[in-house]
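Each chain, written out:
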Amino acid sequence: MEVIAITTPYARWRSYTVINHDPCTNQWEVSERDSTTSYLISRLQLYFPFEDPKKFAERIGTAVKARDTAENAIRFRFLCKHITSNGCFAPGRALEQSILRRAGDEIYGVFKNLYEDYHIGLALIPLEEYEKLNLTQTSKTMKYLQNTWIERTTMHLHRLLSRIGNGHFNIGVGRWEIYNVMKLKRLIEQVLYRMQDALRDLLLDSTAAYVHYLVNDCSAVLAIEGEDYSWDGNLIDSPFEPQRPAVFYLLLEMGPDMPYYSTDPDTFPDTLRHILDDILRACHFIHTIEPSLMQSLIFAENLYLSSVGLLDCAIVKQRAALLEYYHKALLPLQAYAARYAAYRELFFTNVKEFVEQIKNADKSSSEIKEDIAFQIRMRENLEHTVPQCIVIGPFWINVQPLREALIRKRQELTAALLKMLTEKLRIKTADVITCYNAINERMCEKPVSIEHIYDIRAYMEDVPELVVRLEDRMRGILYEYEILEGFLHNLPDADFQQKWNALAHPRSVLKQMVSVKEFHESEVDRFRKQQFADEAAFTASIEDINAYISKFTTLYDVSKVSEMSVEVRRLWKTVQELIDQGHIMNRRQELFEMAPISLNNLYELRSNFSAYRELWTVAADYLKLEETWIGNPLASVDLDGVRRGLQQTHDNLKDLLPLFRDQPQLLAVVEHFIQVVEAFRPNLDIMELLKCPYLEAIHWGQLAKEIGVKGKLSVDVGFDVFLEHGFRDHLETVRRVVVKAEQLRLEQEARWAEEERIRQIEAAYRRARAERRQNRTEI
């Protein structure tokens, strides 16, 4: 059978031959002429030449319509699935997961905002948008009424009346007295009345529709009485659900002082009233058709159609209903926003400052656990008590951004507390690990002596107890880790590793103790061998220093006092170091369970060397003092310090005389330095005279002249200058000048005293005279 069909590879009708038909699926098998290739097609793709083309076209049209219906049903189900979400305009869960999987969080956040704004815009045009669109439509309507309507009516009448010509309907009449008695005037008045009736009907109907659209029949709003309404119920269920959909869109936001709406609710009544009144006012300026139709007559410019007045009964009633409804609707609207003032503190909570306050409070982990649980409960409470949106009378209020912000803030506080607790546990665990590491480091110190080994062994005796205490600390920390696990908080990898390292340390520490003990056994043998070598070197050092000191004490050259003092100090320090070393070696001998080393020869050597050391150190110290007394300016020399230094040096040298009685050379050295000290004593008298505070420049000049010194003398020069000029040989001259200076000073002080006495007498006289003048009475 020959048929016409459309097969898959082609996009136009072609001739085929029917081979087979399956009644169950209504599939037809066709093939091309002179070809073995066959195709399975549906009935819609098949046309029999003998069937009615009209029925075939109807069948095709019905199929196309059914396909469109199915596609629309699929789109509807998609929109219901993805768009409708608990009364909110957010994307559905499936769409959200799809975008998150393909694009990520950031792109989904942007898409979600655009998506919500778009669909909210489709459902609810905000007050500003409503006013703008209403103004646009009003402008179009007024343009039609003031221009197009008048022009079309005039043109229609002109076309009909211009054909009549002269007579009662002559539109070309040019005299008013004739026009007033013509039937044409009554016809135009009829048209005028009909246009005014049409305009009135239009305004009344549109005003009623306007008010009907805005007042969406919420009886609960109209039942409100008084201005002190408060929202006492929950925030989810609205007792002000209207019978018809909400009209206006509002976004509830949180301000620094109180919650507020994206549009001030107080502007609604005035704005809606102005929209109503403005269109009524504009309709009072629609011209009549007479001036444009009767062009041969002259009319006034202010001839307008009579419209509905602002105080018309119907308008007043509609306006009152509108204002009453919106004035009352503002009461629950504002009361609802006031309930969100309780969330203001949470909304503006700074997470960092909140965490710092918790840290400063130094709360325990149990208290932080309670804080975390509280934040979680509060977040769940927000999810169950704060809606995504709510309808109050004519207002659809979007609460979702504020709700999400509050929930997000609770989540951020929870996450911050969990992070803070994690950091706290990290520090505690790190401290435990540090203690374990300190134990290991103390045990594993490389011993430098046998004492060090015994110190480490003594420390290791306390290690098991230390480990037990650290294990107890770690058990308490593990309890705190269970707090995090209770909140399903995943530890960072580093913290997780640190936790298990702390738990594994006790075993490693105890295992390390065994290794350290084995290592110490080998080290003890090494130090024992070292002790034998140190003992031999110590004995050799004693013999060397003994021989050197014996030879050195035979030296007595008084001209090398400085070198001798340096050397005896060095030898004394060496002997002392050998004694200290001997004590250390004897302690080691005791640790090695060996016989102690005798130090008697060192003590005897130190005792014999002490007098020799004292001689040269005292002599060297005195010579340094004498240099400072002579070389420094005379004004800075402390005479009492000089006396003490001379006496102390003299006494120390006197004490050394009995010790060197059997050594004539050294005894002569002692006597030599005693004579040096005694030789300086006469200088004290001349130094005391020269330091007299009454010596002035004139006296210093007199001394220089009498003694024969060429130069300027003063107390600021060194004493060596006075010695060079032989002041010790002119003691009486110096004394005479000093005594004269003292006498002059006494006389001068007496004059100063007398002058002061006279000034005091004069001052007393002037005070007494001033008092008499003040007490004098004028008549």
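My aim in this report is to walk through the structure given alongside it, one point at a time. Because the structure is predicted, anything quoted here is derived from the model rather than measured. (Residues numbered from 1 in each chain as written. Predicted model: local features only at pLDDT ≥ 70, side-chain atom pairs only at ≥ 80, totals over all residues. Heavy atoms only, no water.)

## Some thoughts on the overall build of the protein chain
Part 1: Helix and strand counts for the protein chain stand at 25 helices and nine strands.
Part 2: At 61 Å, the protein chain has a C-alpha radius of gyration far larger than the 28 Å of a compact globule built from 779 residues.
Part 3: When its C-alpha atoms are laid out on the principal axes, the protein chain stretches across 175 × 130 × 60 Å.
Part 4: Across the 779 residues that make up the protein chain, the buried fraction comes to 37%.
Part 5: Element-wise, carbon and sulfur atoms account for 53% of the exposed surface of the protein chain, whose accessible area totals about 46,700 Å². (Helix = DSSP H or I, 4+ residues; strand = E, 2+ residues; numbered from the N terminus. Rg over C-alpha atoms; globule rule 2.2 N^0.38 Å. Buried < 20%, exposed > 50% of the residue type's maximum accessible area, 1.4 Å probe, protein only. Areas by Shrake-Rupley, 256 points an atom, 1.4 Å probe, with all protein chains shown as cover.)

## Points about the packing of helix α13 (residues 365–385) against helix α14 (residues 400–443)
Part 1: Packing of α13 against α14 brings their axes to within 9 Å, and their N-to-C directions diverge by 160 degrees. By the angle class used here, α13 and α14 are roughly antiparallel. Like other packed secondary-structure pairs, α13 and α14 cross with a definite hand, here left-handed. (Axes fitted to C-alpha atoms, helices over the stretch in contact; angles between N-to-C directions. Parallel < 35°, antiparallel > 145°, perpendicular 65-115°, else oblique. Left-handed = near helix turned anticlockwise from the far one by under 90°.)

## Remarks on the pairing of strand β3 (residues 27–31)
Part 1: Bridge count for strand β2 (residues 14–22) against β3 is five bridges, and the pairing is antiparallel. Across the sheet, the residue bridging to Thr17 is Ser31, located in β3.
Part 2: Hairpin connection of β2 to β3: four residues between the antiparallel strands, including Asn26 at a positive phi of 55 degrees.
Part 3: Looking at chain direction, β3 and strand β4 (residues 38–41) are connected through four bridges and run antiparallel. Opposite Trp28, over in β4, you have Ile41 as the bridge partner.
Part 4: Where β3 hands over to β4, the hairpin turn is made up of six residues, of which Asp34 adopts a positive phi near 60 degrees. (Pairing = 2+ DSSP bridges.)

## Observations regarding helix α15 (residues 450–461)
Part 1: With twelve residues, α15 should cover 16 Å at 1.5 Å per step; its first-to-last C-alpha distance of 17 Å lies within 8% of that length.
Part 2: Turning to α15, its buried residues number three or more, namely Ile450, Glu451, His452, Ile453, Ile456 and Met460.
Part 3: The elements touched by buried residues of α15 are α14, α16 (463–486), α17 (493–552) and α18 (561–591). (Expected span 1.5 Å × (residues − 1). Contact = heavy atoms within 4.5 Å.)

## Some thoughts on the pairing of β2
Part 1: When strand β1 (residues 2–5) meets β2, the two strands line up antiparallel, connected through four bridges. Among the inter-strand pairings, Ala5 is bridged to a residue of β2, identified as Arg14.

## Notes on a nonpolar patch on the surface
Part 1: A grouping of Ile125, Leu133 and Tyr213 is seen on the molecular surface, where their side chains present a nonpolar patch of about 250 Å² in accessible area.
Part 2: Structurally, Tyr213 is set in helix α6 (residues 183–214).
Part 3: By relative accessible area, Tyr213 is classed as partly exposed at 39%. (Patch = residues over 30% accessible without salt bridge, like charges linked within 9 Å, V, L, I, M, F, W, Y side chains within 5 Å. Salt bridge = Lys/Arg side-chain N within 4 Å of Asp/Glu carboxyl O.)

## Brief notes about the nonpolar core
Part 1: Of all hydrophobic cores here, the largest spans 105 residues; its most connected members are Leu252, Met294, Tyr326, Tyr336, Tyr340, Phe395 and Ile397.
Part 2: It is α14 that provides the largest number of residues to this core, a total of 15 residues.
Part 3: In this view, Met294 contacts Asn170, Ile171, Val173, Tyr179, Leu184, Ile188 and Phe299; residues no more than four positions away in its chain are not counted.
Part 4: Among the nonpolar cores identified, the runner-up in size contains 65 residues, and Phe552, Leu599, Ile630 and Val669 belong to it. (Core = buried A, V, L, I, M, F, W, Y, C linked by side-chain atoms within 4.5 Å.)

## Describing the pattern of salt bridges
Proximity of charged atoms lets side chains of opposite charge pair with each other.
Part 1: Counted under the stated rule, the structure contains 23 salt bridges.
Part 2: Here Glu445 ties to Arg442 by a salt bridge, and the two come within 3.1 Å at their closest N and O atoms.
Part 3: Here Arg681 and Glu678 are joined by a salt bridge, their closest N and O atoms 3.0 Å apart.

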